[in-house]
Amino acid sequence: MEKKIITLYAGKILKQFEDKKMYVYVLLYWYEMFIGALVGKQLINSPHILEGQKGKLRIYKRSMIAFLLVLLPLVVIMGGRNNIGIDTITYRYIFNRIANDGVTDLSNIEIGYKLVNVFISKFTSNSQWLFVICAIVICGNFCRFFKNVEAPLCVMLAIFLGYGYFFYAMNIMRQYLAISIVLANVHEIEKGENKKFIISVLVATLFHVSSLIWLVLFFVRKWDDKKFFLATFAILLCARLGISGLIYLLRYTAYGHFFFSESRFVLQRMSYTNIFFSAVILIIYLSMRNRIFSVNDIRIKCVWMAFLAYLLLNPLGDSIIRMFLGFQIYGTAIIGECISKLHPKIRGIAMLSIVFLGFLGMCTVLNLQANQSQHFIPYEWGKFI
């Protein structure tokens, strides 16, 4: 019976490939898995791509080649897209407005993102290049994040492609750009380099003000574990009980429209996918916490906060999902590091499982009925001229 169900599901996916021209997504995914497995150790174990030594700049050619092999296809597909992502039209509109009229009339857009648009518009009037530049920053920063995680590269790529590459990076591009800046530098606070981390958060805030939430990591890393888990649960539970008053106050923020929409999808959305994903990370951590690095104590606290927020603060709608999204992505490092600590034979099975689950996750995201308005499929190539 199980084999029959699996065969039917596989047949359904293959038919979707045929009907909706999903070949570009399939090729990208399996290319990244192959390259990730091939160059993973070279990319992760290398100290740097560029390094200054006694007044000279040394280039690690193998590391650079490995980095580019992983990065370039991700940038090409993300930056070359057209009509993919519901916010794409808005991003084109903002670019054209800034190119023609300057930045004076766009008071609700952060200055960093405005300046990126201004800079690109000095060289071209084609908004397609905005997506290319943002894709380079987003994908490059995620690759840097993977590099600083003690985990198999193909596992991190599978989670990235299966979970956020299409749905988030191509919909909420501005916030995902900000999240990527923090993630690329989050290892600084893990090492105790607080000033460098603060700078990265402030830079990210120039692109999306929600990045300020990352500053709580200073308190998170110093707080006793048991007290932290109990206190955060109590705080968010109280927030849930008094949420009507909280929503009234939030109506005056830049994102107040999220809290007073008549749409049930926005106002009362319960993100079961994010709740499930956060819960999986928590369970994996609890089962292996004695075998993985202590730095995951910080990561699991972030995932715990995201889990509670998704569970208890759902009346805040999409805003709460987006606010804690970065914490959940940060927590994916736990999955990778747990796999790296398994017995070699079990590790191989676990890696293959994550890779195939990532592929199924990608197919699900691309084909969800609720995401038809996102125009993920079929893939459309943009115009660069």
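Residues numbered from 1 in each chain as written. Predicted model: local features only at pLDDT ≥ 70, side-chain atom pairs only at ≥ 80, totals over all residues. Heavy atoms only, no water.

Observations regarding the overall build of the protein chain
What counts, and what does not: Here a strand is any run of E in DSSP of at least two residues, a helix any run of H or I of at least four, and the numbering for each starts at the N terminus. Relative accessibility decides the category of a residue: with a 1.4 Å probe and only protein chains considered, values under 20% of the type maximum give buried, values over 50% give exposed, and everything between is partly exposed. Any two residues whose heavy atoms approach within 4.5 Å are treated as being in contact. Residue exposure ignores everything except the shown protein chains as possible cover, and the areas themselves are Shrake-Rupley values with a 1.4 Å probe.
Check the secondary structure of the protein chain and you find 18 helices and two strands. Taken across its 385 residues, the protein chain has 52% of its residues classed as buried. The long-range share in the protein chain, meaning contacts at least 24 apart out of those at least 6 apart in sequence, stands at 77%. Just so you have it, the protein chain exposes about 19,700 Å², and 66% of that area is on carbon and sulfur atoms.

Structural notes on the side chain of Asn117
Selection rule: Pairs of N or O atoms are called polar contacts if they sit within 3.5 Å, as long as, within protein, a hydrogen donor faces a hydrogen acceptor (for residues adjacent in sequence, only side-chain-to-side-chain pairs).
Here Asn117 shows up in helix 5 (residues 111-121). For Asn117, a relative accessible area of 0% translates into the label buried. At 2.7 Å, the side chain of Asn117 and the backbone oxygen of Tyr113 are in polar contact. Residues in contact with Asn117, not counting those within four places in the same chain, are Ile94, Phe95, Ile98 and Leu130.

Some details on the packing of aromatic side chains
What counts, and what does not: Think of it this way: a Phe, Tyr or Trp ring, Trp meaning its six-membered ring, pairs with another when their centres are within 6.5 Å, and the plane angle makes it stacked under 30 degrees, edge-to-face over 60, tilted otherwise. A ring is considered to have a charge above it if a Lys NZ or an Arg CZ atom is located within 6 Å of its centre and within 35 degrees of its normal.
A complete count under the given rule lists 28 aromatic pairs for this structure. Within the aromatic cluster, the residues linked to one another by ring pairs are Tyr25, Phe142, Phe145, Phe146, Phe160, Tyr163, Tyr165, Phe166, Tyr168, Tyr176, Phe277 and Tyr379. Lying over the aromatic face of Tyr113, Arg174 brings its terminal NZ or CZ to 5.9 Å of the ring centre. The side chain of Lys301 reaches across the aromatic face of Phe228, ending 5.4 Å from its centre.

Looking at the packing of helix 11 (residues 225-241) against helix 15 (residues 296-312)
To be explicit about the condition: Interaxial angles span 0 to 180 degrees and are taken between N-to-C directions of axes, which are lines fitted to C-alpha atoms, for helices over the stretch in contact. Reported orientations rely on four angle classes, namely roughly parallel under 35 degrees, roughly antiparallel over 145, roughly perpendicular from 65 to 115, and oblique for the rest. Handedness of a crossing is defined here by the sense of rotation of the near helix relative to the far one, left-handed for an anticlockwise turn of less than a right angle and right-handed for a clockwise turn. In this classification, the charged set is Asp, Glu, Lys and Arg, the nonpolar set is Ala, Val, Leu, Ile, Met, Phe, Trp, Tyr, Cys and Pro, and all remaining amino acids, among them Gly, are polar.
Put simply, helix 11 and helix 15 touch, their axes get as near as 10 Å, and they point 20° apart. Overall, the two elements helix 11 and helix 15 adopt an arrangement that is roughly parallel. Taken as a pair, helix 11 and helix 15 cross one another with a handedness that is right-handed. Where helix 11 approaches helix 15, its residues Asp225, Phe228, Phe229, Thr232, Phe233, Leu236, Leu237 and Arg240 are matched on the opposing element by Ile300, Lys301, Trp304, Met305, Leu308, Ala309 and Leu312. Its residues assigned to classes, the contact of helix 11 with helix 15 shows 11 nonpolar, one polar and three charged.

With respect to a nonpolar patch on the surface
Inclusion rule: Exposure above 30% relative accessible area and the lack of any salt bridge qualify a residue for a patch; like charges then connect within 9 Å, and the nonpolar side chains Val, Leu, Ile, Met, Phe, Trp and Tyr within 5 Å. Whenever a carboxyl oxygen of Asp or Glu lies within 4 Å of a side-chain nitrogen of Lys or Arg, that contact is scored as a salt bridge.
A cluster of nonpolar side chains, Ile198, Leu202, Val209 and Leu212, forms an exposed patch at the surface whose accessible area comes to about 300 Å². Note that Leu202 resides in helix 9 (residues 194-205).

Focus: the environment of Arg347
By the element assignment, Arg347 lies in helix 18 (residues 344-367). On the basis of relative accessibility, which here comes to 26%, the residue Arg347 falls in the partly exposed class. Distance from Arg347 to Pro152, taken between C-alpha atoms, is 9.8 Å for residues 195 residues apart in sequence. Apart from the residues lying within four places of it in its own chain, the contact partners of Arg347 are Ile339, Ser340 and Leu342.

Some thoughts on the nonpolar core
Cut-off, in case you're wondering: Think of a nonpolar core as a cluster: buried Ala, Val, Leu, Ile, Met, Phe, Trp, Tyr and Cys residues, connected wherever their side-chain atoms sit within 4.5 Å.
Phe145, Tyr165, Tyr176, Trp214 and Leu217 are the most contacted members of the largest nonpolar core, which has 121 residues in total. Broken down by element, this core gets its largest block of residues, 12 residues, from helix 15. Ignoring sequence-local partners within four residues, the contact set of Tyr165 consists of Leu28, Pro73, Leu74, Ile77, Met78, Cys139, Phe160 and Met170.

Digging into unusual backbone geometry
The phi angle of most residues is negative, glycine excepted, and most peptide bonds adopt the trans form. A positive phi angle, near 60°, is found at Asn83, a position not held by glycine. Counting through the fold element by element, Asn83 comes out in the loop between helix 3 (61-79) and helix 4 (88-101).

Overview of the pattern of salt bridges
Two side chains bearing opposite charge may form a pair once their charged atoms approach each other closely. Under the counting rule described, the total for this entry stands at four salt bridges. Residue Arg174 is joined to Glu110 by a salt bridge in which the shortest nitrogen-to-oxygen separation is 2.2 Å. In this pair, Arg174 is assigned in helix 8 (residues 173-190) and Glu110 in the loop between helix 4 and helix 5, connecting sequence segments 64 residues apart. Judged by relative accessible area, which is 12%, Glu110 ranks as buried. With a closest N to O distance of 3.0 Å, Glu337 and Arg299 form a salt bridge. Within this pair, whereas Glu337 is found in helix 17 (residues 325-340), its partner Arg299 is found in helix 15, the two being separated by 38 residues in sequence. Grouping residues by exposure puts Glu337 and Arg299 together as buried. One salt-bridge network, held together by shared partners, links Glu190, Arg299 and Glu337.

Things to note about the environment of Ile354
Assignment of secondary structure puts Ile354 in helix 18. Between the C-alpha atom of Ile354 and that of Ile159, which follows or precedes it by 195 residues, the distance is 7.6 Å. Apart from the residues within four sequence positions on either side, Ile354 is in contact with Tyr29, Val155, Ala158, Ile159, Ile335 and Ile339.

As for the environment of Lys222
By the element assignment, Lys222 lies in the loop between helix 10 (217-220) and helix 11. Each C-alpha atom, one on Lys222 and one on Ile298, is 9.2 Å from the other, the two residues being 76 residues apart in sequence.

Quick notes on helix 7 (residues 153-163)
Residues three or four positions apart in an α-helix share a direction because the helix packs 3.6 residues into each turn. Across the 11 residues that make up helix 7, a large majority, 11, are buried. Residues of helix 7 that are buried: Leu153, Cys154, Val155, Met156, Leu157, Ala158, Ile159, Phe160, Leu161, Gly162 and Tyr163.

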